[in-house]
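# Coordinate inspection notes
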Amino acid sequence: MPPAKPLRIVVAEDAAVVREGLVQLLRDRGLDVVAAVGDAEALVTVVEEQHPDAVVADIRMPPTHRDDGLRAALALRERHPDLGVLLFSQYVETRYADRLAAGGLARLGYLLKERVVDIAEFVDALHRVADGGTALDPEVVAQLLSARRSAESLSPLTEREHEVLSSMAEGRTNAAIADALGISRRAVEKHTAAIFDKLDLPRTESQHRRVLAVLHYLDRLD
């Protein structure tokens, strides 16, 4: 019986030293890293070209250094149901918890960099995800479940309104939000007004609705 072919892997990590180190570690353990890229757009392109068994992707990557890697991974997961997706990041991104779980947890992994201390366990998790299993860090599970429980009060917001509110919580001005999201300042003002209405934050003399909206958002993430 011929030996099984090694897993074909694509690595997406914007930090060059981390990317090259991860590639070498995986190759040393018999995996076939067919490509290693440093931004989310390149990840999507190379997966379409190489058809790997699984991808290892960071979350915060170029072009915006926010959640581009996660969004690319989600799009690939929806487009290629047989593709294993292992998110490997410093962060737990809860805004897309429902989309992460929408297609079930098969072929999905989400590990935190600071908590991975055994390379063999990491490689085992990657094999498990590629074979149709799941590999989730307990901290990730806890935060995703918490986010799903608290998301109902923000559920009326559209995806774009979530992005605008998240940017507001980061202290960005309307002009900075427009630049970050690639939309007009007028559009940001329109989304902001919709957020205030949907969160039932009427205009008053004594309270600043922008601050109240951000407080509401942060409270939902606790």
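Residues numbered from 1 in each chain as written. Predicted model: local features only at pLDDT ≥ 70, side-chain atom pairs only at ≥ 80, totals over all residues. Heavy atoms only, no water.

### Some words on the overall build of the chain
Rules: Counting from the N terminus, the helices are the DSSP runs of H or I reaching at least four residues and the strands are the DSSP runs of E reaching at least two. The buried label goes to any residue with under 20% of its type's maximum accessible area, the exposed label to any with over 50%, and the partly exposed label to all in between, with areas taken from a 1.4 Å probe on protein chains only. Contact criterion: two residues are considered in contact whenever any of their non-hydrogen atoms come within 4.5 Å of each other. Per-residue and other accessible areas were derived by the Shrake-Rupley procedure at a 1.4 Å probe size, with only the shown protein chains allowed to occlude residues.
Of regular secondary structure, the chain possesses 10 helices and six strands. In the chain, which comprises 222 residues, the proportion classed as buried is 41%. Excluding contacts between residues fewer than 6 apart, the proportion of contacts in the chain whose partners are at least 24 apart in sequence is 67%. Just so you have it, the chain exposes about 11,700 Å², and 51% of that area is on carbon and sulfur atoms.

### Comments concerning helix α3 (residues 68-79)
Worth spelling out the cut-off: Here, expected helix span is obtained from the residue count minus one, scaled by 1.5 Å.
Between the first and last C-alpha of α3 there are 16 Å, a value that for 12 residues agrees with the 16 Å anticipated at 1.5 Å per step. Looking only at α3, the buried set comprises Asp68, Gly69, Leu70, Ala72, Ala73, Leu74, Leu76 and Arg77.

### So, the packing of helix α8 (residues 174-181) against helix α9 (residues 185-198)
The condition that has to hold: Note on definitions: angles span 0 to 180 degrees between N-to-C directions of axes, and those axes are lines fitted to C-alpha atoms, for helices only across the stretch in contact. Angular relationships are summarised with four words: roughly parallel below 35 degrees, roughly antiparallel beyond 145, roughly perpendicular across 65 to 115, and oblique for the angles in between. By the convention adopted, Pro, Cys, Tyr, Trp, Phe, Met, Ile, Leu, Val and Ala count as nonpolar, Lys, Arg, Asp and Glu as charged, and the other residues, Gly among them, as polar.
At a minimum axis separation of 8 Å, α8 and α9 run at an interaxial angle of 110 degrees. When the interaxial angle is binned, α8 and α9 end up roughly perpendicular. Touching Asn174, Ala175, Ile177 and Ala178 of α8 are Arg185, Val188, Glu189 and Thr192, all from α9. Taken together, the residues of the contact of α8 with α9 break down into four nonpolar, two polar and two charged.

### Considering the side chain of threonine 192
As for its position among the elements, threonine 192 is in helix α9. Every residue in contact with threonine 192, bar those within four places of it in the chain, is listed here: Val164, Met168, Asn174 and Arg210.

### Focus: the sheet that holds strand β2 (residues 32-37)
Hydrogen bonds between backbone atoms are what pair the strands of a sheet, whose relative direction is either parallel or antiparallel. Cut-off, in case you're wondering: When DSSP locates at least two bridges between a pair of strands, those strands are taken to pair.
Read across the open sheet, the six strands follow the order β2-β1-β3-β4-β5-β6; overall the sheet is parallel. Only two strands of the sheet have a single partner each, and these edge strands are β2 and β6 (134-136). For this sheet the average axis-to-axis angle between neighbouring strands, irrespective of direction, equals 20 degrees. Direction of pairing for strand β1 (residues 8-12) relative to strand β3 (residues 54-57): parallel, over a ladder of four bridges.

### Comments concerning α9
So the rule is basically this: What the arc describes is the spread of directions from the helix axis to the C-beta atoms.
Here α9 contains 14 residues, and its C-alpha end-to-end distance of 20 Å stays within 8% of the 20 Å for a straight helix at 1.5 Å per residue. All of the buried residues along α9 are Val188, His191, Thr192, Ile195 and Phe196. Taken end-on, α9 shows its buried residues confined to a sector of 140 degrees, consistent with a single buried face. Away from its buried face, by an angle of more than 90 degrees, α9 presents the exposed residues Arg186, Lys190 and Asp197. Once α9 finishes, aspartate 200 follows within two positions and takes phi at roughly 55 degrees, a positive value.

### Re the nonpolar core
Operational definition: Working definition of a nonpolar core: buried Ala, Val, Leu, Ile, Met, Phe, Trp, Tyr and Cys residues. They are joined through side-chain atoms within 4.5 Å.
Within the largest apolar cluster, 24 residues are counted, with the highest numbers of intra-cluster contacts made by Leu43, Val47, Val55, Leu87 and Tyr110. Those elements that place two or more of their residues in this core are β1, β2, α2 (40-50), β3, α3, β4 (84-89) and β5 (108-112). Broken down by element, this core gets its largest block of residues, five residues, from α3. In this structure, Leu7, Leu111, Ala130 and Ala135 belong to the second largest nonpolar core, which totals 20 residues.

### Some remarks on the packing of helix α1 (residues 16-28) against helix α5 (residues 119-130)
In a packed pair of helices, the relevant descriptors are the angle between the two axes and the axis-to-axis distance. At a minimum axis distance of 11 Å, the contact between α1 and α5 shows a crossing angle of 80 degrees. Looking at the two axes, α1 sits roughly perpendicular to α5. Contacts from Leu22, Leu25 and Leu26 of α1 reach α5 at Ile119, Phe122, Val123 and Leu126. Tallied by class, residues from the contact of α1 with α5 come to seven nonpolar, no polar and no charged.

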